[in-house]
Amino acid sequence: MRKLLLLALICAASSRLFAQDLSYYLPKNVRYNPSVPTPPSVIGHQVGEWHVTHDRLVNYMKAIDAASDRVTLQPLGVTYEGRPQLALIITSPKNHQNLESIRRQHLQLTDPGKSGNLNVADMPVVVWMGYSIHGNESSGANAALLSAYYLAAAEGTEVDAMLNNTVILLDPSFNPDGLNRFASWVNMHKSQSMVSDPNAREYNEVWPGGRFNHYWFDLNRDWLPAQHQESQNRLALFHQWKPNILTDHHEMGSNSSFFFQPGVPSRVNPNTPLKNQELTGAIGNYHARFLDSIGSLYFTKEGYDDFYYGKGSTYPDINGGVGILFEQASSRGHVQETDNGLLTFPFTIRNQFTAALSTLAAANGLRKEMLSYQRDFFKDVAKEAEAFPAKAFVFGDANDKAKTNIFIQMLLRHQVEIYALKQDVTADGKTFKAASAYVIPANQQQFKIIKTVFEKTLEYKDSLFYDVTAWTMPLAFGLPYAELKNVAGTTGDKIEQVKPLPMNTHHAANAYAYAFRWNEYYTPQLLYKLQSKGVAAKVTTKQFKMRLNGKDELFDYGSIVIPIGLQQAGLKGEVLANLIDDCVGNSGVEVFALPTGLASGGIDLGSNSFVPVKLPSIMMFGGTGTSANDVGEIWHMLDVRFKIPVSIVDVERFGNINPSRYNVIIMPSGSYGNLDKGAQEKLRTWVAGGGTLIATEDATKWLANNNFTKVIFRSTEGKKDSTLQLPYFLRSDETRAKDMTGSLFEAKLDLTHPLGYGYTSPYLSVFKSNNLFMDQNNGAYDSPVMYTDNPLQSGYIYRDYKNLVKNTAVVNIDNIGRGRVVSMVDNLNFRAFWLGTSKLFMNAVYFGNLIR
C-alpha cells in the first residue's frame, strides 16, 4: 500500500513539475484581499497546470463579480454553441457609483461640439483587455484569470490610484467555442509524466483545431465585417465605451519570443493618424520595461502590421483609440521543446499577464495624452470629412433589398449614420431610386469607418502584407453605389434599425402557377423551403412576360415557376397559398400568381425551356486535406444564410461511403493528397452519373492535375534575369511580395448562363487571394465568368501578375459523362461578407446540372 501511495505521489509531482502557484505570476510586495477568491479555489487547479475550460473561466469571473465591489459582470450574449460571452467592468468602488455618468462623459470626447468643455485631467482612461480570439492561443484566456484576480484583490495606494483613474473592460475569452475545443484537446492528451516532444499528439491538434469559432471562421478578421454573433456582441460593448486602449492577446510559433506593437512602420494603414503610432511606441516602452524586469525576450516592428481594420489590434485605430497586439510564443500544450529551451505553459501565461500590467501602467502614465488624443482624433475627423471631395455615398439595389439590408445592418453596428434617399439621384452613370436607396453623409463622427468601407486603394508603401490589402465593401456586396458631391436635399429619414422586409406575395383565386424572380439574395432559401415541403418547381432558361395588373411583368433567366397542375393533391389552392406565404416571410422575394400558361411575350409555361429543379442533396469534403476556413465559409452560407443542410464528410472517409444519395458534391480549397485512387475513381463515377462537382481555389488545381478537368493554369514563373544580384537579406521579402493576400478584380458574367441567373449587371467584383490564373476553356460556353482586360479594382498585385490575370477565367465548366465539374478558381464566399459572388456559388449548387 505504501508503494502504491509513493507511486501516486511521484506521478502527481511529475505532472505538477511545471505547474506554478500564484506567487510565480503576481507582483511582489502587494497585499491581496483574502475575501476575494483565488483562481485555484474556483477552477480547481493552479493557473497553468491545466488549460482552463470556458465553463470554469466563466465560473471564476462570476465569483469575482460576487466578491468584489470593484467588479461588475456584464453579459454580452452567447456564441453559436450557446456559451456565454461576458465582460468584467473593473474600476474603483467610487467610480462604480457614477459609472453611467463616467461612460457618458467619456463618449463626449468623440463629439467635437462637446469635447472642448471636458477636463481630461479629471477623467479616467478606458482600457479594454481582450484575450484569446484564437481559441488555441490560450495563454491569454488563462492570464485573464490572473488579471481579474489582481484587479479585484490587490491592495495598496498605487492600486487604488490606478483604479480611480481607469475603467477596465476585461473580456476573458473573445472566442469561447474555440477556447473550449482547444482546452479539451490538450487536457485530454496531458500525461502525468510530462511529454515535451513537439511530435506528440498533445501539440498537434486534429482538423479544424481550436483557432476558429463554431463555423471555423477566424474571428480576428471579423471586427469590420461583423458577420458573426460573437463579433456583433463584442462591438455593442465597444461602442458603448469607445476604449482608449484595446489589447489583443495572441500566440505565435513556439520558437519565437514575445511581440508587442508597434508593427512594421511601412505597413500602417494611411487612415491611421501618425499620433496613434507615436502613442503605440510610448506604450511599448512600458511593455519593454516590465518584460525586462522578468527577463523575457521580445521584439517589435517586425512581422506584424496595422493595415486591415478587421482585426482587434487595428479596429480601435480607426475609432479614436490605440489597438495593441501581443504575440506570445506558444507552448501549444503544457511544456514543449523549442529552439529557446523548454517552453512551459505557465511561462507563456506570465508574459501575457505581465503585458496586461504594463498596459495598465501605460494607460495611467499616459492617461491625459490618451484622452486628449481621442478628443483630437474626432476633431480632426470632422476637418477631414469637411475637406473630403465626396460629401456623401449613395447605395442600394432595387433588385436585391435583402442584400442591401445586410449591408446597412453591418454599418449600423459601427454607428454609421444612414438615411433613406429623399429623392431620385443620378450619379456615376447610375440612377438610384428613393424607394430603394440610401445615403451616408461623409461629415459625421464615423467618417473614418465610412472611408475605409467605400474607398479603393491601388498605391502602397510596402509590398508585404499580413492580411488582405483591400476590402471595398459595396463591391464585395455587389451593391450599386456612387459618390455625391452635394448632399443637400438627399437625406430623408434616419435609419435607426433595419426593419424586416414586408411579405410581398400576390394571390389569385384561380392561379395557374406561381412565379418569382431569382434576383433577391434569399431566393435559394425560399426555394429550398418550398421544395422540402414537397413543392415541385421549374426554372426558366429563357425570358418570358406575363400580363399582370395591366402591365407586362418580365421574368428573366432563372425565374422559378410553380405550376399548380404539377403539385400533389394536398398542395393546391389555399394550402399552397398559405405555404408560400409562410416560406416567403421576410425574405424580400416577390411572388406572383400567374392567371394563365399563355405568356404575353417569350415562351409559354408549357415550354421545354422550363426545366425541373432538383432539391439539392449536398455533400462537402472536410477534414484533413481541406482548408477549414473555406469549408466553414461554405457551411455558414448554406446553414445560416440559406437554411440548407450540408453533409461534411472527411476526405479519408469518402472511399467508404455511398455518394449516390447526393446530387451536389463540393470540394473546398485543399490539397486532397489523402484522397486515394479508389476514392478518386468513385468520385469520377459519381460525376459521370449526373452529379455536379463544385471545386474552389486549390481544389481546382488538384482536379486538373488528376485529369478530372482540362483546365490549364498560366505559369507564374516569369523570365529570370541571370545577371541580377540582390542582397541576401531581401530573399524572404522578394518571395512574400509575390503572395496575393487579397485584392479585388472585375469580372464579366454571361447573364444567360445558368451560373449568371439572378444577376442584373454583367460585371461583378471577385476577391482573389491566390496565385492561380486559369485559362479559358476551349468550349465557347465553358467559361461563363472571365476577368476583364483591366481587372484590378482595388488592392495590391505583384507587378509580374498584372498581365497574367487579364482575361483569365474565374469559372470553367467541364463534362464527365452526364455530370459537370464547376471549377471556381477563387473564393466566392470570402469571410461571409462577399455576398456579390455567393449567388454565383449557389447557382452552381442549384443549376449546375442544367449546364449543357
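Residues numbered from 1 in each chain as written. Predicted model: local features only at pLDDT ≥ 70, side-chain atom pairs only at ≥ 80, totals over all residues. Heavy atoms only, no water.

Engineer: I would appreciate a short explanation of helix H10 (residues 229-241) in the present structure.
Structural biologist: Along an α-helix, residues three or four positions apart point the same way, because every turn accommodates 3.6 residues. In this model, H10 (13 residues) spans 19 Å end to end at C-alpha, consistent with the 18 Å of a helix rising 1.5 Å per residue. If you check which residues of H10 are buried, you get Glu230, Ser231, Asn233, Arg234, Leu235, Leu237, Phe238, His239 and Trp241. Lys242, located one to two residues past H10, shows a positive phi value of around 50 degrees. (Helix = DSSP H or I, 4+ residues; strand = E, 2+ residues; numbered from the N terminus. Expected span 1.5 Å × (residues − 1). Buried < 20%, exposed > 50% of the residue type's maximum accessible area, 1.4 Å probe, protein only.)

Engineer: Where do I start with the confidence of the model for the protein in this structure?
Structural biologist: Residues shown with low pLDDT carry predicted positions that ought not to be read at fine detail. For the protein, mean pLDDT is 95; residues scoring 70 or higher make up 97% of the total. Contacts from residues 1-15, a stretch scored under 50 in pLDDT, to residues over four places away or in other chains number 8 contacts. (pLDDT = per-residue confidence, 0-100. Contact = heavy atoms within 4.5 Å.)

Engineer: Help me understand the pairing of strand E22 (residues 544-548), please; the structure alone is not making it clear to me.
Structural biologist: The side chains of a regular strand alternate, residue by residue, between the two faces of the sheet. Only one face of E22 is buried, namely the one carrying Phe544, Met546 and Leu548, since none of Lys545 and Arg547 on the opposite face is buried. Where E22 and strand E23 (residues 551-555) come together, 5 bridges link them in antiparallel fashion. Within E23, the position partnered with Phe544 by the bridge is Phe555. Remark: 2 residues form the turn of the hairpin made by E22 and E23, two consecutive strands paired antiparallel; Asn549 in that turn has positive phi of roughly 50 degrees. As paired elements, E22 and strand E26 (residues 601-602) share 2 bridges and run antiparallel to each other. Across the sheet, the residue bridging to Phe544 is Gly602, located in E26. (Pairing = 2+ DSSP bridges.)

Engineer: Would you mind showing me how to read the sheet that holds strand E17 (residues 481-484) here?
Structural biologist: Strand pairing in a sheet is mediated by backbone hydrogen bonds. Such pairs are either parallel or antiparallel. Here we have 5 strands laid out as an open sheet, ordered E17-E12-E16-E13-E18, and antiparallel in their pairing. Either end of the sheet is taken by a strand with one partner, and the two such strands are E17 and strand E18 (491-494). Ignoring which end each strand starts from, the neighbouring axes of this sheet average 35 degrees apart. The pairing of strand E13 (residues 419-421) with strand E16 (residues 438-441) spans 2 bridges and is antiparallel. Its bridge partner being in E16, Tyr419 is matched across the sheet by Val439. Each of strand E12 (392-395) and E16 is contacted by helix H14 (residues 401-412), which is oriented at about 25 degrees to E16, the strand it contacts most. (Axes fitted to C-alpha atoms, helices over the stretch in contact; angles between N-to-C directions.)

Engineer: Explain the pairing of strand E36 (residues 819-824) here, please?
Structural biologist: With 6 of 6 residues buried, E36 lies mostly within the body of the structure. Residue alternation in E36 divides its side chains into two sets, Gly819, Val821 and Ser823 and Arg820, Val822 and Met824, and both sets are buried. Note that strand E31 (residues 692-696) and E36 share 5 bridges and pair parallel. For Ala695, the partnering residue across the bridge sits in E36 and is Ser823. Relative to E36, strand E35 (residues 809-816) is paired through 6 bridges, and the arrangement is antiparallel. Bridging from a neighbouring strand, Asn815 pairs with Arg820 of E36.

Engineer: Just checking my understanding: could you explain the environment of Pro208 for this structure?
Structural biologist: Note on placement: Pro208 falls in the loop between helix H9 (176-188) and H10. Spatially, the C-alpha atom of Pro208 lies 15 Å from that of Pro176, the residues being 32 residues apart in sequence. Setting aside anything within four residues of it in sequence, one finds Pro208 in contact with Trp216 and Ala628.

Engineer: Which parts of the structure should I look at to understand the pattern of salt bridges?
Structural biologist: A side chain with one charge can pair with a side chain of the opposite charge if their charged atoms come near. Enumeration according to the criterion identifies 29 salt bridges in this entry. Arg83 is the salt-bridge partner of Asp177, the closest N and O atoms lying 3.0 Å from each other. One end of the pair, Asp177, is in helix H9; the other, Arg83, is in the loop between strand E2 (71-78) and strand E3 (84-90), and 94 residues separate them in sequence. Among the salt bridges present, the one from Arg221 reaches Asp467, with a minimum N-O distance of 2.7 Å. A residue pair is termed long-range when its members are at least 10 positions apart, and Arg221 in the loop between H9 and H10 and Asp467 in the loop between helix H15 (447-454) and helix H16 (473-477) qualify at 246 residues. Taken individually, Arg221 and Asp467 each receive the classification buried, so the pair is uniform in this respect. Connected via shared salt-bridge partners are Glu137, Arg211, Asp218, Arg221, Asp467 and Arg831. (Salt bridge = Lys/Arg side-chain N within 4 Å of Asp/Glu carboxyl O.)

Engineer: Sorry, what's going on with the packing of helix H7 (residues 139-153) against helix H12 (residues 345-365) here?
Structural biologist: Packed helices, taken two at a time, are described by the angle between their axes plus the distance between the axes. Packing of H7 against H12 brings their axes to within 8 Å, and their N-to-C directions diverge by 50 degrees. The angle between H7 and H12 places the two elements in the oblique class. Crossing of H7 over H12 shows right-handed handedness. Side by side, H7 and H12 meet where Ser139, Gly140, Asn142, Ala143, Leu146, Ser147, Tyr150 and Leu151 of the first sit next to Phe345, Thr348, Ile349, Gln352, Phe353, Ala356, Leu357 and Leu360 of the second. For the contact of H7 with H12, the residue count by class is 10 nonpolar, 6 polar and no charged. (Parallel < 35°, antiparallel > 145°, perpendicular 65-115°, else oblique. Left-handed = near helix turned anticlockwise from the far one by under 90°. Nonpolar A, V, L, I, M, F, W, Y, C, P; charged D, E, K, R; others polar.)

Engineer: Help me out: how do you make sense of the packing of aromatic side chains in this one?
Structural biologist: Geometrically, a pair of aromatic rings is defined through the distance of the ring centres and the angle of the planes. Here the structure, examined in full by the defined rule, presents 57 aromatic pairs. On the numbers, 5.8 Å between centres and 50 degrees between planes, the contact of Phe454 with Tyr481 is tilted. One end of the pair, Phe454, is in helix H15; the other, Tyr481, is in strand E17, with 27 residues separating them in the sequence. Given a relative accessible area of 12%, Tyr481 falls into the buried group. (Phe/Tyr/Trp six-rings, centres within 6.5 Å; stacked < 30°, edge-to-face > 60°.)

Engineer: Would you take a moment to explain the packing of helix H17 (residues 523-532) against helix H18 (residues 573-584) for this structure?
Structural biologist: Closest axis-to-axis distance for the H17/H18 pair is 9 Å, and the angle between their directions is 140 degrees. Between H17 and H18, the angle falls in the class oblique. The element H17 and its partner H18 pack so that their crossing is right-handed. Contacts from Leu526, Lys529 and Leu530 in H17 reach Leu579, Ile580, Cys583 and Val584 in H18. Class assignment of the residues belonging to the contact of H17 with H18 gives a composition of 6 nonpolar, no polar and 1 charged.

Engineer: Please clarify how the environment of Ser256 should be interpreted in this entry.
Structural biologist: Structurally, Ser256 is set in the loop between strand E7 (245-252) and strand E8 (258-260). Given a relative accessible area of 24%, Ser256 falls into the partly exposed group. Sequence-wise, Ser256 and Gln497 are 241 residues apart; in three dimensions their C-alpha atoms are separated by 46 Å. With residues near it in sequence (within four places) discarded, Ser256 still touches Phe299, Ala329 and Asn340.

Engineer: So what exactly am I meant to see when it comes to the sheet that holds strand E4 (residues 125-131) here?
Structural biologist: Judged by pairing direction, the sheet is mixed, and its 7 strands sit side by side in the order E2-E3-E6-E4-E7-E9-E8 without closing on themselves. The open sheet is flanked by E2 and E8, the only strands paired with a single partner. Neighbour to neighbour, the strand axes of the sheet diverge by 20 degrees on average, direction disregarded. Pairing of E7 with strand E9 (residues 322-329), which is carried by 8 bridges, proceeds in the parallel orientation. When the sheet's bridge partners are listed, Met252 is paired in E9 with Ala329.

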